[in-house]
Protein chains: 2
Amino acid sequence: MTDARSSQERLLATLSARLGARHVRTDPAEIAPHLVETRGLYRGHALAVVAPGTTEEVAFAVRACAEARVPMVAQGGNTGLVGGGVPFGGIVLSLNRLDRLRAVDPLGASLTVEAGMILADVQAAAEAAGMLFPLSWAAEGTARIGGGLATNAGGLAVLAYGNARDLVLGLEVVLADGRIWNGLKALRKNNAGYDLKHLFVGSEGTLGIITAATLKLYPKPLSACVGFVGLPSARAALALFERLRAGADRGLTAFEYIPRFGLEMVLAHGIDVRPPLARAHAAYALIELASPRAGTETRAEMEALLAEAMEAGLVEDAVIGGSAAQDAALWRLRELLPEVQKAEGGSIKHDVSLPLSRLADFLEEASAACEAAMPGLRPCPFGHFGDGNIHFNLTQPVGMDRAEFLSQWSRFNAIVHGIVERMDGSIAAEHGIGLIKRDELARTADPVGLDLMRRLKRALDPDDLLNPGKVVALSDDPPPALPL
Amino acid sequence: MTDARSSQERLLATLSARLGARHVRTDPAEIAPHLVETRGLYRGHALAVVAPGTTEEVAFAVRACAEARVPMVAQGGNTGLVGGGVPFGGIVLSLNRLDRLRAVDPLGASLTVEAGMILADVQAAAEAAGMLFPLSWAAEGTARIGGGLATNAGGLAVLAYGNARDLVLGLEVVLADGRIWNGLKALRKNNAGYDLKHLFVGSEGTLGIITAATLKLYPKPLSACVGFVGLPSARAALALFERLRAGADRGLTAFEYIPRFGLEMVLAHGIDVRPPLARAHAAYALIELASPRAGTETRAEMEALLAEAMEAGLVEDAVIGGSAAQDAALWRLRELLPEVQKAEGGSIKHDVSLPLSRLADFLEEASAACEAAMPGLRPCPFGHFGDGNIHFNLTQPVGMDRAEFLSQWSRFNAIVHGIVERMDGSIAAEHGIGLIKRDELARTADPVGLDLMRRLKRALDPDDLLNPGKVVALSDDPPPALPL
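Thresholds applied
Residues numbered from 1 in each chain as written. Chains lettered and ligands numbered in written order. Predicted model: local features only at pLDDT ≥ 70, side-chain atom pairs only at ≥ 80, totals over all residues. Heavy atoms only, no water. UniProt positions renumbered as here; feature names shortened; annotations may be inferred. Domains from an automatic or database assignment. Contact = heavy atoms within 4.5 Å. Buried area = accessible area lost by both parts, 1.4 Å probe. Salt bridge = Lys/Arg side-chain N within 4 Å of Asp/Glu carboxyl O. Helix = DSSP H or I, 4+ residues; strand = E, 2+ residues; numbered from the N terminus. Least-squares fit on C-alpha atoms with pLDDT ≥ 70 in both. Polar contact = N/O pair within 3.5 Å; in protein donor to acceptor, adjacent residues only side chain to side chain. Nonpolar A, V, L, I, M, F, W, Y, C, P; charged D, E, K, R; others polar. Buried < 20%, exposed > 50% of the residue type's maximum accessible area, 1.4 Å probe, protein only. Axes fitted to C-alpha atoms, helices over the stretch in contact; angles between N-to-C directions. Parallel < 35°, antiparallel > 145°, perpendicular 65-115°, else oblique. Left-handed = near helix turned anticlockwise from the far one by under 90°. Phe/Tyr/Trp six-rings, centres within 6.5 Å; stacked < 30°, edge-to-face > 60°. 1 Å grid on protein atoms, 1.4 Å probe; cavity = no way out; pocket = protein on both sides within 12 Å on 5 of 7 lines; lining within 4 Å. Points joined across faces, edges and corners; volume = space filled by probe spheres on them. Pairing = 2+ DSSP bridges. Core = buried A, V, L, I, M, F, W, Y, C linked by side-chain atoms within 4.5 Å.

Per an unreviewed UniProt entry, chain A goes by the name FAD linked oxidase domain protein and belongs to Methylorubrum populi. UniProt annotates chain A under Sequence similarities (unreviewed entry) with the comment "Belongs to the FAD-binding oxidoreductase/transferase type 4 family." Quoted verbatim from the Cofactor (unreviewed entry) heading of the UniProt record, the comment on chain A is "FAD".

Observations concerning the domain arrangement of chain A
Residues and elements named next belong to chain A. Domain annotation of chain A identifies domain 1 (99–217), domain 2 (221–338) and domain 3 (343–421). Inter-centroid distance (C-alpha atoms) of domain 2 to domain 3 is 23 Å. Domain 2 puts 18 residues into the contact, and the matching count from domain 3 is 19 residues. Each partner contributes to the roughly 1600 Å² buried at the junction of domain 2 and domain 3, and carbon and sulfur atoms together form 68% of this total. Here domain 2 is connected to domain 3 by 2 salt bridges. Measuring nitrogen to oxygen at the nearest pair gives 3.1 Å for the salt bridge that ties Glu364 to Arg235. Within the residue set of the side of domain 2 that touches domain 3, elements represented by two or more residues are helix H8 (234–248), strand E13 (252–259), helix H9 (260–269) and helix H12 (337–340). Looking at the side of domain 2 that touches domain 3, the element that brings in the most residues is H8, giving 6 residues.

Describing the relation of the copies chain B and chain A
Laying chain B over chain A is done by rotating through 180 degrees and shifting 0.0 Å along the axis; what remains is an RMSD of 0.0 Å. The relationship between the two copies is best expressed as a two-fold rotation axis. Take the interface residues of chain B: 100% of them recur as interface residues in chain A, which is what a same-surface contact looks like.

Considering the UniProt feature "domain: FAD-binding PCMH-type" (unreviewed entry) in chain A
The sites that UniProt annotates as "domain: FAD-binding PCMH-type" (unreviewed entry) are residues 42–220 of chain A. Span residues 42–220 of chain A is 21% helix and 25% strand, its end C-alpha atoms 40 Å apart.

Re the interface of chain B and chain A
Counting residues at the interface gives 83 residues for chain B, matched by 83 residues for chain A. Summing both sides of the interface, chain B and chain A together bury roughly 7000 Å²; the carbon and sulfur share of this comes to 56%. When the buried area of chain B at its contact with chain A is split by residue, Lys189, Asn191 and Tyr194 of chain B rank highest and sum to 15% of it. Here chain B and chain A share 10 salt bridges between them. Between Glu301 of chain A and Arg293 of chain B there is a salt bridge; the shortest N-O distance is 2.5 Å. On inspection of chain B and its partner chain A, the count reaches 42 residue pairs in polar contact (both at pLDDT 80 or more). Counting residues per element, the side of chain B that touches chain A draws most heavily on helix H17 (residues 447–460) of chain B, at 10 residues. A class-by-class count of the residues in the side of chain B that touches chain A yields 39 nonpolar, 23 polar and 21 charged.

Quick look at the side chain of Thr395 of chain A
Residues and elements named next belong to chain A. Mapped onto the secondary structure, Thr395 falls in strand E19 (residues 389–395). You can call Thr395 buried: its relative accessible area is 0%. If we ignore the near neighbours within four places in the chain, the residues touching Thr395 are Phe261, Met265, Gln341, Glu344, Gly346, Ser347, Leu377, Arg378, Cys380 and Phe405.

Some thoughts on the packing of helix H13 (residues 359–373) of chain A against helix H15 (residues 409–422) of chain A
Residues and elements named next belong to chain A. Following both chains from N to C, one finds H13 and H15 inclined at 155 degrees, their axes separated by 10 Å at the closest point. By the angle between their axes, H13 is roughly antiparallel relative to H15. Where H13 crosses over H15, the handedness of that crossing is right-handed. Here Phe362, Glu365, Ala366, Ala369, Cys370 and Ala373 of H13 lie close against H15, whose contacting residues are Arg411, Phe412, Ile415, Val416, Ile419, Val420 and Arg422. A breakdown of the residues in the contact of H13 with H15 according to their chemical character gives 10 nonpolar, no polar and 3 charged.

Some words on the packing of aromatic side chains
Summed over all chains, the structure comprises 14 aromatic pairs over all chains. Taking 5.5 Å as the distance between ring centres and 40 degrees as the angle between the ring planes, the aromatic pair formed by Phe255 of chain A and Phe385 of chain A counts as tilted. Taken together, the residues Phe255 of chain A in strand E13 and Phe385 of chain A in the loop between strand E18 (378–382) and E19 connect sequence positions 130 residues apart. Each member of the pair Phe255 of chain A and Phe385 of chain A is classed as buried. With a centroid separation of 5.7 Å and 35 degrees between ring planes, the pair formed by Phe228 of chain B and Tyr284 of chain B is classed as tilted. Here Phe228 of chain B is found in strand E12 (residues 223–231), whereas its partner Tyr284 of chain B is found in strand E14 (residues 283–291), with 56 residues between them in sequence. The burial state of Phe228 of chain B is the same as that of Tyr284 of chain B; both residues are buried. Aromatic rings pair up to connect Phe241, Phe255, Tyr257 and Phe385 of chain A into one cluster.

Brief notes about the environment of Pro276 of chain A
Residues and elements named next belong to chain A. Residue placement: Pro276 occurs in the loop between H9 and strand E14 (283–291). Taking the C-alpha atoms as reference, Pro276 lies 9.6 Å from Ile320; in sequence the two are 44 residues apart. Setting aside anything within four residues of it in sequence, one finds Pro276 in contact with Phe228, Leu263, Val319, Leu330 and Leu333.

Comments concerning empty space enclosed by the protein
Taken as a whole and assessed by the stated rule, the structure comprises 3 cavities of 30 Å³ or more. Taken as a whole, the largest cavity spans an internal volume of roughly 410 Å³. For the largest cavity, the lining is made up of 27 residues, of which Ala248, Arg250 and Gly251 of chain A together with Arg250 and Gly251 of chain B are closest to its centre. If you list the elements that add at least two residues to the lining of the largest cavity, you get E14 and helix H10 (297–311) of chain A together with E14 and helix H10 (297–311) of chain B. Partitioning the lining of the largest cavity into residue classes produces 11 nonpolar, 6 polar and 10 charged.

With respect to the pairing of strand E5 (residues 101–105) of chain B
Residues and elements named next belong to chain B. With 4 bridges joining them, E5 and strand E6 (residues 110–114) adopt antiparallel strand pairing. Along E6, the bridge assignment pairs Ala103 with Thr112. If you look at the hairpin formed by E5 and E6, you'll find 4 residues sitting between the two strands, and Ala109 has a positive phi there, around 55 degrees.

A look at the nonpolar core
Among the nonpolar cores identified, the biggest contains 101 residues, and Phe200 of chain A together with Phe200 of chain B are the most heavily contacted of them. Filtering out sequence-adjacent residues up to four positions away, Phe200 of chain B remains in contact with Leu452 of chain A together with Ala150, Leu171, Val173, Leu175, Trp181, Leu207, Gly208, Ile210 and Leu460 of chain B. Listed in part, the 57 residues of the second largest apolar core include Ala283, Phe385, Leu406 and Met423 of chain B.

Side note on the pattern of salt bridges
Applying the stated rule across the entire model yields 56 salt bridges over all chains. One salt bridge in this structure joins Arg165 of chain A and Asp195 of chain B, with 3.5 Å as the shortest N-O distance. One end of the pair, Arg165 of chain A, is in the loop between helix H6 (158–161) and strand E8 (168–174); the other, Asp195 of chain B, is in the loop between strand E9 (180–183) and helix H7 (197–200), on a second chain. On the accessibility criterion, Arg165 of chain A (6% relative accessible area) is buried. Accessibility expressed as a relative area gives 14% for Asp195 of chain B, which makes it buried.

Comments concerning the environment of Thr112 of chain B
Residue and element names in this part refer to chain B. Note that Thr112 resides in strand E6. Dropping the residues within four chain positions of it, Thr112 is found in contact with Leu101, Arg102, Ala103, Leu184, Ala213 and Thr214. A polar contact of 2.9 Å, which involves the side chain of Thr112, links it to the side chain of Thr214.

Some remarks on the pairing of E19 of chain A
Residues and elements named next belong to chain A. Among the 7 residues that make up E19, 7 are buried, leaving the element largely enclosed by the rest of the structure. Where burial is concerned, the two faces of E19 agree: the one with Asn389, His391, Asn393 and Thr395 and the one with Ile390, Phe392 and Leu394 are both buried. Pairing between strand E16 (residues 347–348) and E19: 2 bridges, direction antiparallel. Bridging across to E19, Ile348 finds its partner in Leu394. Direction of pairing for strand E17 (residues 351–353) relative to E19: antiparallel, over a ladder of 3 bridges. For Val352, the partnering residue across the bridge sits in E19 and is Ile390.

So, the sheet that holds E8 of chain A
Residues and elements named next belong to chain A. With antiparallel pairing, the 5 strands of this open sheet are ordered in space as E5-E6-E10-E8-E9. Strand pairing shows two members of the sheet lacking a second neighbour, strand E5 (101–105) and strand E9 (180–183), which therefore form its edges. Within this sheet the neighbouring strands show an average axis-to-axis angle of 10 degrees, counted without direction. Strand direction decides the pairing type here: strand E6 (residues 110–114) and strand E10 (residues 209–216), joined by 5 bridges, are antiparallel. Its bridge partner being in E10, Ser110 is matched across the sheet by Lys216.

See the structure below:
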């Protein structure tokens, strides 16, 4: 047995003694799901999956790993899309047993949850207290709140309520040396020194391990209305968005964009869907208005705003949901999009954001550039238009070999991200950097900013043990190649 | 001439050569206003006040000072209340010449301004673009936006729009070594690496010098309504706030608290004021509702909400402004508070925040404790109740010697802050730490959090040259005594 091997065995024995042997898993079959990424883009390896049950146990495990110089990758629901949770050696620290609701304070409009609580359970706890926790995205039934905070997740409610970051009042974090920072304040204003919570939110587990959070709640909207509109162009979508924002401000809770090809895919491959409008349009938007007041106010407002927009030639046709069931059916047309793309073959994906004023320019220019680069390619840019965030996905030409198409991933990244950068956008809007965009971040970020990131990493994790190689690399090791 | 002296002379000559001699001021009369703090609590000293005209000139000045190991204090309108902008040696870097509006993007709902732009001018630039920049506080006619961001200022619009931090999309910052970080993105979502802007916002010029910012704009409310209500107690204020928040969500744009003694002072010493209600009440709240829609909707909503609250016994009497002039007159009753306190003698002040659910407990307990500690003392806790932020000010007993009263500052700090800490509040809600609360922060902060702050300071400003001794001290030098 080599020294390294025996040191690792000792570490696992130490962890088993404290956490219980069944929470230190090494059986290959049992740990396999923790070694891969949702889309199968990466497959990693680990000594063990360790599942502490309390913050103190997380601290113990981190301290033990730090002493043994064994790297750690914190993991929640493992629903990330950028390879950020895939381990390449060391241990996986699964936070899924830390799933307790620690406190609910409806009057203070906050709740405190542990990192491993499933997002949908956090929403349900808020609902049970008569309030709203707005963070929401497709994987909310399996994603854990800790991962959502560690990646500053976006999702469907950013337009009115902000990103995950904006919903955090306080954090509890285990640092790289195993100390616990207790920053679980439930305050709306707190200028008592540097704001440490923002350092950890969005750091993808590379600066510290979030073990609990105090989150903002909002009053529950008592009425909502969904509209689905057909538009002549992306430019009309932008003009419509500007009008709705002026007319409803944060009463406008969603403005999601769907291109003609996107709706065609949904109607062709989705189950239980029917065409929302009589004929096809160049683009569509799903719009939601919400109000803290019960009644028909949002519906009347939707009707008035859309009537004005039709008169102005921005909207060609529109349907307004008349019930919760109809609203849900319209939402489904948007929510099915990521899934139905699979039926049309391979997709090369981009998660980009632009200044709102450049959105229409970007959609026109990037679509044209990609179509010119590969005739028959079918762009399907969709998503959180109102946040300036487009999932600029490219579906393969009909009949092309899937693997051959996906081998062009980097080439199309370069085309799309080049336009994004020229327009002062971001190549990582809501999914993060992880492994998949790490080297592109290093190439494209402001060099002073990049140096600051590395300095922060060194200051907080000098031995590079927390999710090493993700977001910013301190070593020169190249990332694992994408096994497309 | 000593070596140190000649090195300083060389530095000033270098700065004069690049910035122009008239922007390197050493005349004692000219620099005197930069050496003191608004309330006269501190008087510092400096070699010179240096006023660069561009970001590049700021970078040049910082690099020159860094090479000469001369500390720098960045200063804008010098309206801070915690001694954070007072220099004790080194140079003052006045950013007031960096006052350009760099870009306005109404469709993108953002503008980019330089740090030295006066807050009221930023508001006006937004207004000219048909939008709202919500940050607002009493000193907005002289305060500069850079200082507002560096201190994460709060003010009058936090309830609906957040603190200064929440209004920042991007920053340009000169680092301690004179390099420029260009983080001026106008994006609503950006997860491209660690969020560096939040590191600098609220760091009070100790981690970097903010030279420009891209800020969020909002649709301008087209109608608003102000109500002024008489309440039986602080507890009723809290119950009323909970109802209004549920009923109006972020349409509730202000909920300010005024105690009976506060309104009495305003009516006794304010010019052009008259009693808003027929008789006196234990407490008052100023309430504002706003809407993106024109018309009388907010007034009808205010009437309905207050009628319900009266029926529930939470509100004893109420008046609703019927015009912009009447609304302004009601706001004046709140805005005059800091000023009229001076007419009643010395005030010992606290800028604290509490979890919303503890606000009434805090007001009752802290008032009782202070009154017990000094018979005749007159508590005047007022302010941003809806944000959980109370300016817990204590007016001296009638007839007591002002200086004798103020000599009790630390004693009352200990009483008030002790209750704040027990209730998981913050001793620095919106004014920051500066010098005045530095040692109290060091005593009361979570020790791991404090260590993190020091590590950040060392990582970003290893020679301790940026506003040294403020917020967190790296050296053991005690802060200058308060010259009360």
